[in-house]
Amino acid sequence: MKRGYKALLDEANAAIEAVSPAEASQLAGDDDVVLVDIRDIRELQREGRVPGAVHAPRGMLEFWVDPESPYHRDVFASGKTFIFFCAAGWRSALATKTVQDMGLTPVKHIEGGFGAWREAGLPIDLPSEKAG
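Here is what the cut-offs are and how they apply
- Residue positions are given per chain, counted from 1 along the sequence in the order it is written.
- With pLDDT at 70 or above as the cut-off, local features in this predicted model cover only qualifying residues; side-chain atom pairs require 80 or more to be listed or tallied, and sums for whole chains, interfaces and linings still use all residues.
- To obtain the side-chain values, all non-hydrogen atoms of the structure were used and water was disregarded.
- The criterion for strand pairing is that DSSP finds at least two bridges linking the strands in question.
- Helix numbering and strand numbering both begin at the N terminus, where a helix is a DSSP run of H or I of at least 4 residues and a strand a DSSP run of E of at least 2.
- We define a salt bridge as a contact between a side-chain nitrogen of Lys or Arg and a carboxyl oxygen of Asp or Glu at a distance within 4 Å.
- The set of buried Ala, Val, Leu, Ile, Met, Phe, Trp, Tyr and Cys residues whose side-chain atoms join them within 4.5 Å is what this entry labels a nonpolar core.
- The cut-offs for exposure are 20% and 50% of the maximum accessible area for each residue type, with area from a 1.4 Å probe on protein chains only; residues under the lower value are buried, those over the upper are exposed, and the others partly exposed.
- Contact criterion: two residues are considered in contact whenever any of their non-hydrogen atoms come within 4.5 Å of each other.
- Under the rule applied, a polar contact is a pair of N or O atoms within 3.5 Å (in protein, one hydrogen donor and one hydrogen acceptor; residues adjacent in sequence only if both atoms are side-chain atoms).

Honestly, the sheet that holds strand E5 (residues 107-110) in this entry has me stumped. Any pointers?
Strands pair in a sheet through their backbones, by hydrogen bonds, and they do so in one of two ways: parallel or antiparallel. Reading across from one edge, E1-E5-E4-E2-E3 is the order of the five strands in this open sheet, with parallel pairing throughout. Of all the strands in the sheet, the pair left with one neighbour each is strand E1 (18-19) and strand E3 (54-55). Strand direction decides the pairing type here: E1 and E5, joined by two bridges, are parallel. Residue pairing for E5: Val 19 is matched across the bridge by Ile 110.

Set out below in structure tokens:
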């Protein structure tokens, strides 16, 4: 192994901006900010969602961001600020670095991901079987 995940995370974190869940929650109130959940759909179904966040699965992210891709999503051409998150902040750090390298700006990620969001007591839309 030339570079393991720890080295990749260190490189990503050195090149991107991270925000706390509280900061992300405050920024999400701005119409020019989009929270982007890159977790797998099964994670959303099991753990819940951040209200108003766009779901863009990690496996499709580069294709959804690139305007030349047949899978492009218009939200990524909106010129807004994008704040990515995953479960713990690892995948979102790598994803944020990747889309930043692709030219998408401004981008940030939530330190600690959805887990930190939940631990901070911020709003979550629970899956229907867990609601109530």
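It is not clear to me how the pattern of salt bridges should be interpreted in this structure. Could you clarify?
Between side chains of opposite charge, a pair can form as their charged atoms come close. Tallied over the full model, the rule gives nine salt bridges. Between Glu 47 and Arg 46 there is a salt bridge, with its nearest N and O atoms 3.4 Å apart. With a shortest N-O distance of 2.7 Å, Asp 101 and Lys 97 are connected by a salt bridge. Of this pair, Asp 101 and Lys 97 both sit in helix H5 (residues 90-102), four residues apart, roughly one helical turn. A network of salt bridges, in which partner residues are shared, links Arg 46, Glu 47 and Arg 118.

For this particular structure, what's the right way to read the nonpolar core?
Note that soluble globular proteins tend to have their nonpolar side chains buried in a common cluster. Ranked by internal contacts, the top residues of the largest apolar core, which has 15 residues, are Val 36, Leu 61, Phe 76, Phe 82, Phe 84 and Leu 104. Elements represented by at least two residues in this core include exactly strand E2 (33-37), helix H4 (61-65), strand E4 (81-85) and H5. Here this core gets three residues from one element, more than from any other, and that element is H4. Beyond its immediate sequence surroundings of up to four residues, Val 36 is in contact with Val 54, Ala 56, Phe 76, Phe 82, Ile 83, Phe 84 and Phe 85.

Which parts of the structure should I look at to understand the side chain of His 109?
Here His 109 is to be found in strand E5. There is a polar contact of 2.9 Å between the side chain of His 109 and the side chain of Ser 92. With sequence-adjacent residues up to four places away left out, His 109 is seen in contact with Asn 13, Ile 16, Glu 17, Ala 18, Val 19, Ile 83, Phe 84, Gly 89, Ser 92, Ala 93 and Thr 96.

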